[in-house]
Structure formats: C-alpha cells, structure tokens
Amino acid sequence: MGVLSSMFVIPNLLFFFFETTYGINSITSTQSLADGNTLVSKDGNFELGFFSPGSSKNRYLGIWYKIQDKTVVWVANRDSPINDSSSILMINSTASLVILSNNSVVWSTSSLKQAQTPLLQLLDTGNLVLTDEKSGNSDEYLWQSFDYPTDTILPGIKHGWDLKRGLNRRLIAWKNWDDPSSGDFTFEMTLHNYPEAYLFQGKEKYFRTGPWNGFGFSGSPGLKPNYVFNFTFVYNQDEVYFMYTLKDKSLISRALPNQTNSLFQRFTWIEVAKSWNLYSSLPADRCDSYGVCGANGRCIITESPVCQCLNGFKPKSQQKWDSMDWSQGCVRNKPLNCQKLITHGFVKFSNLKLPETTYTWVNKSMNLKECWEICLSNCSCTAYTNSDIKEGMGCAIWFGDLLDIKQFPDGGQDLYIRMHPSELGTGNRHKKNIAAIVACSIVVVFGMLLGSYYVCSKENLRGIIERMRTIVHSSNSKGPEEDMELPLFDLSTIARATDDFSLNNKLGEGGFGPVYKGTLLEGKDIAVKRLSKSSGQGLNEFKNEVNLIAKLQHRNLVKLLGSCIQENEKMLIYEYMPNKSLDSFIFGLNFDPN
C-alpha cells in the first residue's frame, strides 16, 4: 500500500512543484489547487491563490497583482473566511468552481451551462475564467470573475448591469485592510432612464457621477479619453455599463471604493518607485457631496458660501440658509402658471454637473429644438438638455425639483431650466438685441441694394421685406440657441487664404475691424470680415448675426459663405466681389451688442 500511495502522491507533488516554479495558469476538472500553490497568468502580472490579508490569520482565495506589494484585486470567499490552510479549489462534476475546507463547501459558483472538458484559467487581464475546451471557443465563458468583482475595477471589467441575466456588477469596499468582507461603501450603476453611478455609504447616497453625455460623466469632466485611458459607456436593452481600458498595455492600473477614507480612487503603478500613484479621487471637493445645496440649488466651490439658489429661485427657509443649513434647498420666486405655458421660457446654465436623473425621460433621436418643444409643452418638465453632447443629439428632460447640481469653472454641460416670464429679463434683452440686429440689417441691406449694380423689381423688394418681417417674428419666439446655419471655417484655413492677414490683402477697415481679401485652396476668392476684439460683440450676438444674415440671403446680395469662431477670433467669410461692391455692405455692418 505504501508503494501504491506514493504512486498517487508523488505526481501531485510534482504537479504543484511545476506549477509554483513555472507559473501554471490553468487547471482541469482532474486537478485542484491547494493552499500554498498558485496559478500565474502567462504575462506574469496576476496570481491566484490563498492568502491572509494584513494581520489576519484567516485564509481567502484571491487574485493579486504579482508585484512587490501583492495588491489583491479580487476575493472569492470574502464573506466566508477559512481559519486554517486545509482548503482547496477545484472544478466539480457540474462544471462549477468550489472551495472545500475540511470536506465542507465554503464557496461555489454556478456555470451558465454544462461543459464536457471544463478548464479554469487565469488570463493576462486578471480575469479568472471557466471555459469548455471542447467547444473550440475560448472566448465563451461558462463563468468569469469579471462578472463578480469585489472592490476593484480593472481594465476591461464592465461596471454595471447585464439586464438579460439580472446581474449587477457593483463594487463593495473591504471593511478594512485586514478584513476583505463586504463593507458599507459601495459603487454601482443605477437603472434610471438616464443612467448614472453612485457611491453609497450604507443606504445613503454619498456621491453621484452624473449621467454619461457622450464624452464622459457630466459630474466628472476630467474623466475623458486621454493618453492613458479609454472610456466606454454602453446603454441598450441588454446592458448598461461603464468600462475603461489602457492605451499602453504595459501599464498597471486599478480603481476602487476605499472604506477607510470614503473615497473612490484610481491608481497607476510606478515601477521605478515600486509604489502605487494616486491618479484621481472622488469626491474631489465639498461640492461633490451628494445634495449639499438641496433642491434647486447649485454648488460653486470657488464661492463663499459654496451654495447658491439657481437664478429665479430663493431659499425655502432664509433663516436656515443664512446659517449655512442648505438642506431645505430653494423654491421659485414666483410659481409657474400652467395655464399660460406660452409665456414660459428657459434660461441656459453652463458648465454644470447635470441634476440627479431619477425622474427623467430620454429620447436618443431628438435634437435640441425638439427637446425644447416637448419640454415647453409639459408644465411638469423643469429642464432639458442634449443627452449626447458629443453627437449634439438626444433629449433628456427632468421632472420636479433639480437635485445635486455642481457648477464647474469650465467643462460640465449646458442645462436649460424653465422660468417664470418675470425671470426672463436676460432673455428679453436678448430678444431686443436680435430685433436691433435685424433692424440694422434691414437698413444696411436697403443701402446696399440702392448702391448695387442690380435693380430689384417691386415684387423682389416686397419679397425681401416680407421675409425680414418673418425673421423678426421668428427671432422673438425662437427656442434654444441652435447650431450655426452656415459652415464653420478653420482659423488655419483663413490664415492661409489671407497670407496670415497680410497688409497687402487688406481691403479696408471699419469700426468693427479690418476686411481682407483671400483665396481658398480650391481657388475661390473670399472677403474676410475680422471682428475687432474691442468691438464688444459677444459670442451669442455674433452667432445671431451670422444666422440672420444667412436667412437674409438673396440673389441680389453678397453671399455669406460661413464664419470662423476659434481662439478668440470671430470672422465672417463672404464671397469676394470686385470693384469694391462689397465695401458698403461689410463696412456698414457693425451691430451693437447692447
């Protein structure tokens, strides 16, 4: 019997010796992994085995970065510790993973389907996967650790929901450095109509990322593609998740909620220093604390106090607000009259972390004007914006109070908030500016017509006048600011066309600034009206000028080809007309923004 026993024992010892020495990365259903032995990914970055965290003597099965400090990124039996070194990991007869300790099941998985020849493998990504070797598809996983993250999100992990399986891939912090069991600090994706991720402390909301806007989460404008990370957000009927990947595969990175300091932190490994470098941390400041300014308030970290009511709103309790208790938030200065929807308007707020999306409605195919129309027609709609600013499409509208708004110095997103007509002073002034621009345009156009080489018939003149009346009327009832109606030229293109605004190409100069002749690469001659930086005309007024002139296009008028808005430059690009027929039109157009 002794000889026979040796025949079975020695091969097992040789297997584990080979595994430990050369870094075996997989086991089959006929093999097991005992405490004291490990699997190592092919690239050597990750290792799977049993470990004891910190000063604890409990044993856990985990995956860690195989670097100097042995950073653990996944724990199987986090809530079922083992108090000795008798445990083994194996694949059972139903192709499920089990951890046995003293012949008792400590932890187990369930596979998506049966497998004839199951194989457990630790991939170079840090993902522990169970596959069927006979299926011939190594990417078809019966089970994977990436579907069941513990506290760490690695590159390639989908943080969010598999809606078909009802699987929530959320992160739960360790209780402390010595105890990997589930703490009360969690990070997970919510399934609102406009999804966003939250940090929870217990059941209390602690931090909110804001919804994904095409570039990143609106509450984290720094979280966008860069030379280190790529970010992906997927939202469809099957899945809702966020994922990051590394552009340089040799980099080592991790992100996790930290129970000790109540932060969600992202780290990169610095090999030279043999230490983790903190890349980013959330919440970043006081204004990231959930709902700090209450309903209809906004938090501005550079202001003192940091909380302010939105324009058109006032503190619900002035006494509490003055004592810096902002919990009751703000209410409207004047209640809205839903019987007079036509009198309502919207004020644009820029650089915001969008409000909490619990009570929202989203349509991915609408444009901003359609979004304005549907929000205006529903008195319960308090605000709207583009859901995807990268594509300039999609409609997201809010109902009820607007919660957890933060204003950034730059970045963030535009939000259009419904206002009582008495709060539309800025908007009324804007309408007056448009009317003034139109009036000035009318005078200029008539002057140009009288001085041109063409003679308009009475019918043509009547048509132009009628068109101008229509434009004036539509300007006073215009919805949100729309995109430019004519092409935008690149500054480098205009600089090249005018020989860097050479004096030899200068046609003249008016109160608004100089005009240059230029030639585009395709040979087309242009005249460039370069607005002086001291003209006082703002960006919105300039855009209005461009759009209005575009609407006033007529066969007897000089053709406006487009504009250039770049690096503090504002320019109008006209078709060049010889014999100075352009002068009176261009030099006379100097709209007053006031």
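Just so it is clear, the model here is predicted, and its values are computed rather than measured.

1. A word on the confidence of the model for the protein
- Mean pLDDT over the protein stands at 83; residues scoring 70 or higher make up 79%.
- Contacts of residues 1-22 to residues separated by more than four positions or lying in other chains number 17 contacts, the stretch itself having pLDDT below 50.
- Predicted confidence for residues 426-478 stays below pLDDT 50, and this span has 61 contacts to residues more than four positions away or in other chains.

2. So, the state of the cysteines
- Within the structure shown, the criterion is met by 6 disulfides.
- Disulfide pairing places C287 opposite C299 at an S-S distance of 2.0 Å. Across the S-S bond linking C287 and C299, the dihedral sits near -70 degrees, which makes this disulfide left-handed. Of this pair, C287 sits in the loop between strand 23 (275-282) and strand 24 (297-299) while C299 sits in strand 24, and the two are 12 residues apart along the sequence. Comparing C287 with C299 shows no difference in burial state: the two are buried.
- The disulfide bridge from C371 ends at C395, spanning 2.1 Å between sulfur atoms. Linking C371 and C395, the disulfide has an S-S dihedral of approximately 70 degrees and is accordingly described as right-handed. Taken together, the residues C371 in helix 3 (residues 368-376) and C395 in strand 31 (residues 395-399) connect sequence positions 24 residues apart. A single burial state applies to C371 and to C395, both of which are buried.

3. Here we look at the nonpolar core
- L48, L89 and F242 are the most contacted members of the largest nonpolar core, which has 60 residues in total.
- If you tally residues by element for this core, the top one is strand 20 (residues 239-246), at 4 residues.
- Setting aside residues no more than four positions away along its own chain, L48 makes contact with L33, N37, T38, L39, L61, G62, I63, W64, L89, L122 and L128.
- Judged by nonpolar contacts, the second largest core, of 24 residues, contains C293, F313, F349 and L354.

4. Side note on the sheet that holds strand 4 (residues 46-51)
- Spatially, 4 strands are ordered 3-4-5-6 in an open sheet, and the strand pairing comes out antiparallel. The outermost strands of the open sheet, each flanked by one partner alone, are strand 3 (39-40) and strand 6 (72-75).
- As judged from the 6 bridges shared by strand 4 and strand 5 (residues 60-65), these two strands associate in the antiparallel manner. Across the sheet, residue F46 finds its bridge partner in strand 5, namely Y65.

5. Structural notes on the sheet that holds strand 10 (residues 118-122)
- The sheet built from 4 strands is open, its strands ordered 1-10-11-12 with antiparallel pairing. Since the sheet does not close on itself, it has two edges, and those belong to strand 1 (26-28) and strand 12 (143-144), each with one partner.
- Summarising the sheet, strand 11 (residues 128-132) and strand 12 pair through 2 bridges and their orientation is antiparallel. Residue pairing across strands places V129 opposite Q144, the latter belonging to strand 12.

6. Observations regarding the pairing of strand 15 (residues 171-176)
- Pairing analysis gives 4 bridges linking strand 15 to strand 16 (residues 179-189), with the strands arranged antiparallel. Across the sheet, I172 pairs through a bridge with T186, a residue of strand 16.
- Hairpin geometry of strand 15 and strand 16 is characterised by an intervening segment of 2 residues between the two adjacent antiparallel strands.

7. Digging into unusual backbone geometry
- Here L282 and P283 are connected by a cis peptide whose omega angle stands at -5 degrees.
- Tracing the sequence through the fold places P283 in the loop between strand 23 and strand 24.
- The omega torsion across S304 and P305 is 0 degrees, close enough to zero to call that bond cis.
- Examined against the element boundaries, P305 turns out to sit in the loop between strand 24 and strand 25 (307-309).
- Phi is positive for A95, which is not a glycine, with a value near 65 degrees.
- Inspection of the secondary structure puts A95 in the loop between strand 7 (88-91) and strand 8 (97-101).

Cut-offs and rules
Residues numbered from 1 in each chain as written. Predicted model: local features only at pLDDT ≥ 70, side-chain atom pairs only at ≥ 80, totals over all residues. Heavy atoms only, no water. pLDDT = per-residue confidence, 0-100. Contact = heavy atoms within 4.5 Å. Disulfide = S-S within 2.5 Å. Helix = DSSP H or I, 4+ residues; strand = E, 2+ residues; numbered from the N terminus. Buried < 20%, exposed > 50% of the residue type's maximum accessible area, 1.4 Å probe, protein only. Core = buried A, V, L, I, M, F, W, Y, C linked by side-chain atoms within 4.5 Å. Pairing = 2+ DSSP bridges.

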